[in-house]
Amino acid sequence: MKLGVIASAYGEDFIGGAESAVREFVKQFKKLVPSSEVEVFTTNAGDHDWNPKYDVGSKLEEGILVNRFPCEIRDKKFYDYWNRVQLDSYGLTDEEEYDMLKCQGPYSPKLIEAVEKSDCDLFFTHPLLPIICADAVLKTKKPIVIHPGAHNEAQNRLRIYNSALSNAAGISFSTFGEQAYVNQNFEVGGVPQSVIGFGVSEYDGKIDDSVVEKVKAKYGIGDSPYILYVGRVQWGKGCWILDRFFSTFIERHPSTDLKCIFAGPVYEAPQENDSILTLGKVTEEEKWALLHGATALVNASMAESFSLVLIEAWLSKTPILVNSKSYATSEQALRSEGGFSFSNYGEFEGFLEVLLDEETNAELAENGFNYATKNYSWPTVISRYNTFFESLLK
């Protein structure tokens, strides 16, 4: 089988959960299915505004042929469309929907032309929202598997996404909750489907107490216990909820030394005080050290389809606390018994107090570790993908 992977961006230093997941998927599929050939079709973008960074052209990277094509940078007109869609998901014409996705980007006609001319047997793309997904499915005659990464937000309800999903060769999902959402909201009953997820690898360096202490000292965390958020620091990721809820927790527990740490590129900064620290972008070693040392990883986002960092937290023997309005992450918390999901401030406070109990924390952490290693090791995940792909080619 020759597998083509269509990615919005592809690079070791590109910051983004979906892009990182796809890149690791490519590497692991190549490694674990040696009889296959994998080729990447992507853009030259280096950030989520799609500014150019990488050279256009084809080159071998870690034994994988990576084809990069020019794309247009994000057009700020996208935000006007986005605001309209928040008020009425069905208020745009078909032409306006397409223009919205084109403005969002990355828009790359040359990438789509290359997919059309390719001799790959099957294509895989993730996530659903970028225009290259809809263009690849609707403008080529190629069999394409979509891993949508869908969640309940206004933009997902655009008609063009229904067209893309209903014309896909197959759909893979991260969670059963995501599958249920897609089947309830899109016309995909006749499309082959499988719940697979993405794998996560443990950090290949050494993380011990000395490394954790060094990182804590560097960022002024000291000996205080802390809860941790990892990812893009912006309100759309639920950071405003965590900021507000934790500030209330501190007001109600003035004697606590618990801190809240935000680690990741900052788009909208939380308030800064002695209890809330915003670190900005951290290294991979620092991220894993912070995960190992945390009382809990907190993801307050209401719109997640998987959240790889939850699995990384469990591999670090750290429990999680997530927003119950995100069906994907709350499902993971429930299935794993490796953390809790909150629906309001009272539950947030109550679960934080439970997580501060060392014995309970250790039990939750062990549950999460066992769940992650059983379900999300790369050999397990790639075997599922390969079986699904092969079934589509019969």
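Scroll up to find the structure this text is about.
None of the values given here were measured: they were computed from a predicted structure. (Residues numbered from 1 in each chain as written. Predicted model: local features only at pLDDT ≥ 70, side-chain atom pairs only at ≥ 80, totals over all residues. Heavy atoms only, no water.)

## Some details on helix α8 (residues 209-218)
Turning to step 1, where the next piece is worked out: All buried positions along α8 are accounted for by Val211, Val212, Val215 and Lys216. All buried residues of α8 fall inside an arc of 135° around its axis, so they share one side. Exposed side chains of α8 directed beyond 90 degrees from the buried face belong to Asp209, Lys214, Ala217 and Lys218.
Turning to step 2, where the next piece is worked out: Once α8 ends, the next one or two residues include Gly220, with phi positive near 70°. (Buried < 20%, exposed > 50% of the residue type's maximum accessible area, 1.4 Å probe, protein only. Helix = DSSP H or I, 4+ residues; strand = E, 2+ residues; numbered from the N terminus. Arc of directions from axis to C-beta.)

## A closer look at helix α11 (residues 308-315)
Turning to step 1, where the next piece is worked out: Most of α11 sits out of view: eight of its eight residues are buried.
Turning to step 2, where the next piece is worked out: Three or more residues of α11 are buried, namely Leu308, Val309, Leu310, Ile311, Glu312, Ala313, Trp314 and Leu315.

## Here's the deal with the packing of α11 against helix α14 (residues 358-375)
Helices that pack against each other are described as a pair by the angle of their axes relative to one another and the distance between those axes.
Turning to step 1, where the next piece is worked out: The geometry of α11 relative to α14 is characterised by a closest axis approach of 7 Å and an angle of 120° between their N-to-C directions. Of the two elements, α11 crosses α14, and the hand of that crossing is left-handed. Between α11, through Ile311, Trp314 and Leu315, and α14, the contact on the second element is made entirely by Ala365, Gly368, Phe369, Tyr371, Ala372 and Thr373.
Turning to step 2, where the next piece is worked out: Within the contact of α11 with α14, the residues separate by chemical class into seven nonpolar, two polar and no charged. (Axes fitted to C-alpha atoms, helices over the stretch in contact; angles between N-to-C directions. Left-handed = near helix turned anticlockwise from the far one by under 90°. Contact = heavy atoms within 4.5 Å. Nonpolar A, V, L, I, M, F, W, Y, C, P; charged D, E, K, R; others polar.)

## Describing the packing of aromatic side chains
Turning to step 1, where the next piece is worked out: Counting across every chain of the model gives 23 aromatic pairs.
Turning to step 2, where the next piece is worked out: Note on Tyr203 and Trp288: the rings are 6.3 Å apart at their centroids and 20° apart in plane angle, and the pair reads as stacked. Taken together, the residues Tyr203 in the loop between β8 (193-195) and α8 and Trp288 in helix α10 (residues 284-293) connect sequence positions 85 residues apart.
Turning to step 3, where the next piece is worked out: The class of Trp288 is buried, set by a relative accessible area of 2%.
Turning to step 4, where the next piece is worked out: Here Trp314 and Tyr371 contribute two aromatic rings whose centre-to-centre distance is 5.6 Å and whose plane-to-plane angle is 80°, an arrangement assigned as edge-to-face. Here the residue Trp314 occupies a position in helix α11, and Tyr371 occupies one in helix α14, the gap between them amounting to 57 residues.
Turning to step 5, where the next piece is worked out: Trp314 sits in the buried class, given a relative accessible area of 0%.
Turning to step 6, where the next piece is worked out: Three or more aromatic residues joined by ring pairs make a cluster, and in this case those are Phe25, Phe29, Phe124, Phe198, Tyr385 and Phe389.
Turning to step 7, where the next piece is worked out: The side chain of Arg23 reaches across the aromatic face of Tyr10, ending 5.7 Å from its centre.
Turning to step 8, where the next piece is worked out: Looking at Lys317, its charged tip hangs above the ring of Phe369, at a distance of 4.7 Å from the centre. (Phe/Tyr/Trp six-rings, centres within 6.5 Å; stacked < 30°, edge-to-face > 60°. Lys NZ or Arg CZ within 6 Å of the ring centre and 35° of its normal.)

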